[in-house]
Structure formats: structure tokens, C-alpha cells
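The lines below spell out each chain.
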Amino acid sequence: MPCLLTSISKNLTSITQTRLSASQFWDFSLAYYKYSDSAELMLELQNSHNLDVNLILFSLWIGSSHGSRLEQTHFQILDNAIEGWRANITQPLRNIRQSCKHLGDLDATTRNSFTKMAANIEIRSEHACQAILTRQFFNLENIENISDPSIAASKNLNAYFAYSGTTKTGKILNIRNRLVELTREYLSQHAAYSLQHP
């Protein structure tokens, strides 16, 4: 019997990990970032409060798609897992891309071409960062699943704000509520499209 239970447990874990794949998270992120004003809101959190867009996206996706609720301790583990990659790879690439826009000693065509190339590499680094996050998620313990995915997403953002020391001002709460609302809208539309185009 123990062997049978172990086998079942491994199979269930395999199924869960297939559903919670890095590619699914990445596909959601690419589409959601372009959806309505989500990018503007997340960049506001990044630029004004030094929050990580990938952790914001993960909070929304894991909560809204799977009902998983994360705590501050989980965000500490996730943040530590990507800290080295973010600091040594993604941030320098972002700095290069942003610097390209202000270099006046290059003609516009060359500058735009180099900026685009830098942006493409930066996006690939974000993809790798998300793979790290997804893999690290399976090592987390005491993950609570709740029935209302929007509440899970909202609580995830609250936990991330608390972990990062971000004060929940009225503006921050409005951004949180809007991001959760947009996630619900996007996933609902995506599900409807998938049913119409199997």
C-alpha cells in the first residue's frame, strides 16, 4: 500500500507540475502585459516602489489561475531565488536598453536597431527568471488553496507588498484592485476564446 500511495502521489505531483509549467506562466505574462493598462500599472509599482514585475505577475497568475495563496515567507524564498539573476543579468540588460535611447552619437537607425536587440535579450532574461520562479514554487511548503481565485490573487499581492515593505496607500490598493480585475477579465476572455477555438 505505501508503494501504491507513493506512486499516486508522484503522479499527482507530475500532473500539477505539468499544469503549472513555466511556459504557461510566460504565455500569460506576455498576453497580460499587453492587456489594457496592466503594463502601466505594474511599471508604476516597479519604478515608484522598486517592486519586481515578475513577482507581481506570478502573484496574479498563481492566484487567479490556480487559487494558490502565498505568504510573506514564500515571497522571501521566491525573491531570494531570482535575486542573483535579476541583479547580474536582467537589470544590467535593462540599463543597456534604457541607455541606448539617449545616446546621441549614433544615427537613429543604428540606435533603434541596437535598442531592439537589447530589448530582445532582456525579454529572454525575463523568461529565464520566470522559469526560476516556477521551479522554486514547487519547493514551497504550506501553500493554501482557496476557492475564490480573485481573493487569492489579491492576498498574494498584499503579502508581496508586506514582504517588500510597501505601504498600502489608497493608490497602491487601487492599483492592486485594478490588476486583479484585469486578470479576471483577461482569463475569462481567454477561456471563452479557447472554448470557441479548441
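Structure's up top.
Quick notes on the rules
Residues numbered from 1 in each chain as written. Predicted model: local features only at pLDDT ≥ 70, side-chain atom pairs only at ≥ 80, totals over all residues. Heavy atoms only, no water. Helix = DSSP H or I, 4+ residues; strand = E, 2+ residues; numbered from the N terminus. Buried < 20%, exposed > 50% of the residue type's maximum accessible area, 1.4 Å probe, protein only. Contact = heavy atoms within 4.5 Å. Areas by Shrake-Rupley, 256 points an atom, 1.4 Å probe, with all protein chains shown as cover. Expected span 1.5 Å × (residues − 1). Patch = residues over 30% accessible without salt bridge, like charges linked within 9 Å, V, L, I, M, F, W, Y side chains within 5 Å. Salt bridge = Lys/Arg side-chain N within 4 Å of Asp/Glu carboxyl O. Core = buried A, V, L, I, M, F, W, Y, C linked by side-chain atoms within 4.5 Å.

Engineer: Looking at this structure, I do not really get the overall build of the protein chain. What am I missing?
Structural biologist: Tallying secondary structure elements over the protein chain gives 8 helices and 2 strands in all. Mapped in sequence order, the helices and strands of the protein chain form the string α-α-α-α-β-α-α-β-α-α. Going through the 198 residues of the protein chain one by one, you find that 38% of them count as buried. Across the protein chain, every contact between residues at least 6 apart in sequence was considered, and the portion connecting residues at least 24 apart equals 79%. Looking at the protein chain as shown, the accessible area adds up to about 11,400 Å², and 54% of this sits on carbon and sulfur atoms.

Engineer: Looking at this structure, how should I read helix 3 (residues 38–49)?
Structural biologist: One turn of the α-helix equals 3.6 residues, which is why residues spaced by three or four share an orientation. Helix length check: helix 3 (12 residues) gives 16 Å between terminal C-alpha atoms against 16 Å at 1.5 Å per residue, within 8%. Restricting attention to buried positions, one finds in helix 3 the residues Ser38, Ala39, Leu41, Met42, Leu45 and Gln46. Positive phi shows up at Asn50, right after helix 3, with a value of about 60°.

Engineer: So what exactly am I meant to see when it comes to a nonpolar patch on the surface here?
Structural biologist: Taken together, Ile96, Phe114, Met117 and Ile121 make up a surface patch of nonpolar side chains, about 350 Å² in accessible area. The class for Ile121 is partly exposed, based on a relative accessible area of 41%.

Engineer: How do you make sense of the pattern of salt bridges when you look at a structure like this?
Structural biologist: Two side chains bearing opposite charge may form a pair once their charged atoms approach each other closely. Tallying each qualifying case throughout the model produces 10 salt bridges. A salt bridge links Arg69 to Glu144; the shortest N-O distance between them is 3.6 Å. Here Arg69, found in strand 1 (residues 68–69), pairs with Glu144, found in strand 2 (residues 144–145); they are 75 residues apart in sequence, far enough to count as distant. For Arg94, the salt bridge is made with Glu126, and the minimal N-O distance between the two is 2.9 Å. Of this pair, Arg94 sits in helix 5 (residues 72–100) while Glu126 sits in helix 6 (residues 108–137), and the two are 32 residues apart along the sequence. The pair Arg94 / Glu126 is uniform in exposure class, with both members buried. If you follow the salt bridges from partner to partner, you end up with Arg94, Arg97, Glu122 and Glu126 in one network.

Engineer: I tried to follow the side chain of Arg97 on my own but got confused; where do I start?
Structural biologist: When you line up the elements, Arg97 lands in helix 5. Residue Arg97 is classed as buried on the basis of its relative accessible area, which comes to 17%.

Engineer: Explain the environment of Met117 here, please?
Structural biologist: Within the secondary structure, Met117 is located in helix 6. Residue Met117 is classed as partly exposed on the basis of its relative accessible area of 43%. Placed 20 residues apart in sequence, Met117 and Arg97 show a C-alpha to C-alpha distance of 8.5 Å.

Engineer: How should I be thinking about the nonpolar core in this particular structure?
Structural biologist: One recurring pattern in soluble globular proteins is that nonpolar side chains are buried together. Counting residues in each nonpolar core, the largest one holds 36 residues, and the members touching the most others are Tyr32, Leu45, Ile56, Phe58, Leu60, Leu70 and Leu179. Elements with a contribution of two residues or more to this core: helix 2 (22–33), helix 3, helix 4 (53–66), helix 5, helix 6, helix 7 (149–164) and helix 8 (170–196). Counting residues per element, this core draws most heavily on helix 4, at 8 residues. In contact with Leu60, other than residues within four places in its own chain, are Tyr32, Ser65, Ala153, Leu157, Leu179, Val180 and Thr183.

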